[in-house]
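Chains, contacts and geometry: an overview
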Amino acid sequence: MTLSPERASATAGTRRLTRTLYASAFCDEFVLLYPVYALLFSDTGLSVWQMSSLFALWSLTGVVLEVPSGAWADAVSRRLLLVLGPLLTAAGFALWVLVPSYGAFALGFVLWGAGGALGSGALEALVYDELDRAGAADRYARVMGRARAVGIAATMTAMGLAGPVFAWGGYAAVGAASVLTCLIGAAVATRFPEHRTPSVGGDRWTATLRAGLAEARTDRSVRGALLLVPAVTAVWGALDEYTPLLARDTGVAPETVPWLLLVIWAGATVGSLLAGAAERLTSTGFAALLTGSALALAVGAAAGTPAALVLVALAFGGFQLATVLADARLQRRIADTGRATLTSVAGLGTELGNLATYGAYAAAATVTGHGTAFALSAVPYLLTALLLATAARTRTTAGRARP
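Residues numbered from 1 in each chain as written. Predicted model: local features only at pLDDT ≥ 70, side-chain atom pairs only at ≥ 80, totals over all residues. Heavy atoms only, no water.

**Digging into the environment of asparagine 354**
Cut-off, in case you're wondering: A run of H or I in DSSP counts as a helix once it spans at least four residues, and a run of E counts as a strand once it spans at least two, with each numbered from the N terminus. Relative accessible area decides the class of each residue, using a 1.4 Å probe on protein chains only: under 20% of the type maximum gives buried, over 50% gives exposed, and in between gives partly exposed. In what follows, residue pairs with any heavy atoms lying within 4.5 Å of each other are defined as contacts.
Note on placement: asparagine 354 falls in helix H14 (residues 339-368). The exposure class of asparagine 354 is buried, given its relative accessible area of 12%. With 119 residues separating them along the chain, asparagine 354 and valine 235 place their C-alpha atoms 6.2 Å apart. Not counting chain neighbours up to four residues away, the residues in contact with asparagine 354 comprise Ala234, Gly237 and Ala238.

**Some thoughts on a nonpolar patch on the surface**
Let me state the cut-off plainly: Only residues above 30% relative accessible area that lack a salt bridge enter a patch, with like-charged residues linked at up to 9 Å and the nonpolar side chains Val, Leu, Ile, Met, Phe, Trp and Tyr linked at up to 5 Å. What sets the accessible areas is the Shrake-Rupley method with a 1.4 Å probe; for residues, cover comes only from the shown protein chains. Take a side-chain nitrogen of Lys or Arg and a carboxyl oxygen of Asp or Glu: if they are within 4 Å of each other, that pair is a salt bridge.
On the surface, Val299, Leu311 and Leu314 cluster together into a nonpolar patch covering about 260 Å² of accessible area. With respect to the element layout, leucine 314 can be found in helix H13 (residues 309-333).

**A closer look at the packing of aromatic side chains**
The criterion, for reference: Side-chain rings of Phe, Tyr and Trp, where Trp is taken by its six-membered ring, are said to pair if the distance between their centres is within 6.5 Å; with planes under 30 degrees apart they count as stacked, over 60 as edge-to-face, and otherwise as tilted.
In this structure the tally under the stated criterion is 22 aromatic pairs. Centroid distance phenylalanine 26 to phenylalanine 30: 5.2 Å. Interplanar angle 20 degrees. Geometry classified as stacked. Arranged with centres 6.4 Å apart and planes meeting at 70 degrees, the rings of tyrosine 242 and tyrosine 358 form a pair that is edge-to-face. Of this pair, tyrosine 242 sits in the loop between helix H9 (220-239) and helix H10 (243-248) while tyrosine 358 sits in helix H14, and the two are 116 residues apart along the sequence. With a relative accessible area of 16%, tyrosine 242 lands in the buried category. By relative accessible area, which is 25% here, tyrosine 358 ends up partly exposed. An aromatic cluster of three or more residues is present, and its members are Tyr34, Phe41, Trp58, Phe93, Trp96, Phe105, Phe109 and Trp112.

**Concerning the side chain of threonine 269**
Threshold: Nitrogen and oxygen atoms within 3.5 Å of one another constitute a polar contact, given that in protein one can donate a hydrogen and the other can accept it, and given that sequence-neighbouring residues count only through two side-chain atoms.
For threonine 269, the position within the fold is in helix H11 (residues 257-273). Overall, threonine 269 belongs to the buried group, its relative accessible area being 15%. Polar side-chain contacts of threonine 269 include one of 2.8 Å to the backbone oxygen of tryptophan 265. Non-local contacts of threonine 269, meaning those with residues more than four positions away in its chain, are made with Ala149, Ile152 and Met156.

**Thoughts on the packing of H9 against H13**
Just so we agree on the cut-off: Note on geometry: axes are lines fitted to C-alpha atoms, helical ones only across the stretch in contact, with angles between N-to-C directions running from 0 to 180 degrees. Under this scheme an angle from 65 to 115 degrees is roughly perpendicular, one under 35 degrees roughly parallel, and one over 145 degrees roughly antiparallel; angles in between are oblique. Handedness of a crossing is defined here by the sense of rotation of the near helix relative to the far one, left-handed for an anticlockwise turn of less than a right angle and right-handed for a clockwise turn. Only Asp, Glu, Lys and Arg are considered charged in this grouping, and only Ala, Val, Leu, Ile, Met, Phe, Trp, Tyr, Cys and Pro are considered nonpolar; every other residue, Gly among them, is considered polar.
It is at 9 Å that the axes of H9 and H13 come closest, and there the two elements cross at 155 degrees. Accordingly, the angle class assigned to the pair H9 and H13 is roughly antiparallel. The way H9 lies across H13 gives a crossing that is left-handed. Every residue of H13 that contacts H9 at Ser221, Val222, Ala225, Leu226, Leu228, Val229, Val232, Thr233, Trp236 and Leu239 is listed here: Phe316, Phe319, Gln320, Ala322, Thr323, Ala326, Asp327, Arg329, Leu330 and Arg333. Tallied by class, the residues present in the contact of H9 with H13 amount to 13 nonpolar, four polar and three charged.

Following this line, the structure appears as structure tokens:
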């Protein structure tokens, strides 16, 4: 069969988009500083409270810039923001290793947070619009699921390589490798296709912000999809910071902890890869997915054995799958003009949810231990699943009542 020139061009554009997306996802997460930057802070002389303040500054930067950056992405080139983001992150990492100090670490986290905010919303909007232009919008969940799987694989690879590189060249070596990866990521981002024509001028980005928020207020389906993203993403997205502590509390030797973490993140990777097959889940099916994942998390964490962490891996796989599907639902409901804006609003909700989870987890773990704190973290997912199931039953009942 011979493709028409238009169809052939669309197919080639989709291939270019997906190749660039997967390469960009790898560069975003292949950062050798990830496993050792807390050690860098400690070796520089920072206290635990100082390190905690840096993490809070990082999150707050994302909270402040998340929505404005999304509106900017709708007003100007989304590809431009995807190029600028890794450059800001590279500058932050360079500061850390060149002038290690509290001030440099703080500025580095601000730059890192700003770089992440520029990409949040812009990436999802660009990918969905380009797939939609090629008549392949139904592939969005599958494509983004694979991209997230590539990112997780890059993180695990960085964890494996950080030790040998650090042993060879110390913080300077892992820092230089991280900066180089960010620069490569910026270069890769220039390859993203972008066919939309942004409107630039005056207060255009503020007008875009107002229009996007108005859509969320007036369209109930958009509002529901918008709230679902942080409800699904925030809790487990914060829990991953504590998985080493959960693994250590099972009684294994310290050198075994990384292997248990690989099992957990292998589960998340599988969840990403299942996104395409699960894209047509109904609200009832989505509720069942959350319920099963929440129960696996509670049982696996409360058991307190290394073997039970397989259930935690299963839970993380389910939550990762739900995260991709919630994003796909949101993209399908948003109009093109406010896509990046509303995606960033969802990202803001996730950031705020992360902050709340950090506080709740610290309070619970201090009193009950890490296993119980993980088990209690399943409760929000059970409540979300209950709300989804109730809403689905209400819609079904209303539909039957109509003549």
